[in-house]
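A closer look at the structure
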Amino acid sequence: MGKMPAMDIEHKPQRGRPPLGRTRMVTIGIRVEPAEREQLEALAAQKGKSLCGYLRDLIRGELAEDDIRNAPLRACN
C-alpha cells in the first residue's frame, strides 16, 4: 500500500470558526431578544459574514478602541 496524500486544509477561504489547532478560542453564550438577533444577522449579511464572525469582529473593534483610549499620550517634539 502506498502513502496516503496529506490533507490540505489551506485551499479554502475560511469563514466562521477557525480551523482547530491554529488558535485557542473560547465560546461565550449570550441571550438576546429574537428581534435583536434578526437585526444582528442582517448587519452580518450586509458585510458578508456569519453572525459569529460579525460579533467576533465587533468585539475586537471594541477592544482595540479601548486600547487606544487607554494608551498614554505622547508629546511631539
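Residues numbered from 1 in each chain as written. Predicted model: local features only at pLDDT ≥ 70, side-chain atom pairs only at ≥ 80, totals over all residues. Heavy atoms only, no water.

Our focus in this paragraph is the overall build of the protein chain. Of regular secondary structure, the protein chain possesses two helices and zero strands. Residues classed as buried in the protein chain amount to 5% of the 77 residues present. (Helix = DSSP H or I, 4+ residues; strand = E, 2+ residues; numbered from the N terminus. Buried < 20%, exposed > 50% of the residue type's maximum accessible area, 1.4 Å probe, protein only.)

Before going further, it helps to spend a moment on the pattern of salt bridges. If charged atoms from side chains of opposite charge come close, those side chains can pair. Tallied over the full model, the rule gives two salt bridges. Taking the shortest distance from any N to any O, the salt bridge between K49 and D57 comes out at 2.1 Å. K49 sits in the partly exposed class, given a relative accessible area of 31%. (Salt bridge = Lys/Arg side-chain N within 4 Å of Asp/Glu carboxyl O.)

Residues V26, I28, I30 and V32 make up a contiguous nonpolar surface patch of about 450 Å² in total accessible area. Among the residues examined, V26 registers a relative accessible area of 70% and is labelled exposed. (Patch = residues over 30% accessible without salt bridge, like charges linked within 9 Å, V, L, I, M, F, W, Y side chains within 5 Å. Areas by Shrake-Rupley, 256 points an atom, 1.4 Å probe, with all protein chains shown as cover.)

Attention now goes to helix α1 (residues 34-46). For α1, with 13 residues, the first-to-last C-alpha span of 19 Å sits near the 18 Å given by 1.5 Å per residue. Just beyond α1, the residue with positive phi is G48, at close to 70°. (Expected span 1.5 Å × (residues − 1).)

Here we come to the packing of α1 against helix α2 (residues 51-69). Closest axis-to-axis distance for the α1/α2 pair is 9 Å, and the angle between their directions is 85°. Accordingly, the angle class assigned to the pair α1 and α2 is roughly perpendicular. Where α1 approaches α2, its residues R37, L40, E41, L43 and A44 are matched on the opposing element by L51, Y54 and L55. Each residue belonging to the contact of α1 with α2 can be placed in one class, and the counts come to six nonpolar, no polar and two charged. (Axes fitted to C-alpha atoms, helices over the stretch in contact; angles between N-to-C directions. Parallel < 35°, antiparallel > 145°, perpendicular 65-115°, else oblique. Contact = heavy atoms within 4.5 Å. Nonpolar A, V, L, I, M, F, W, Y, C, P; charged D, E, K, R; others polar.)

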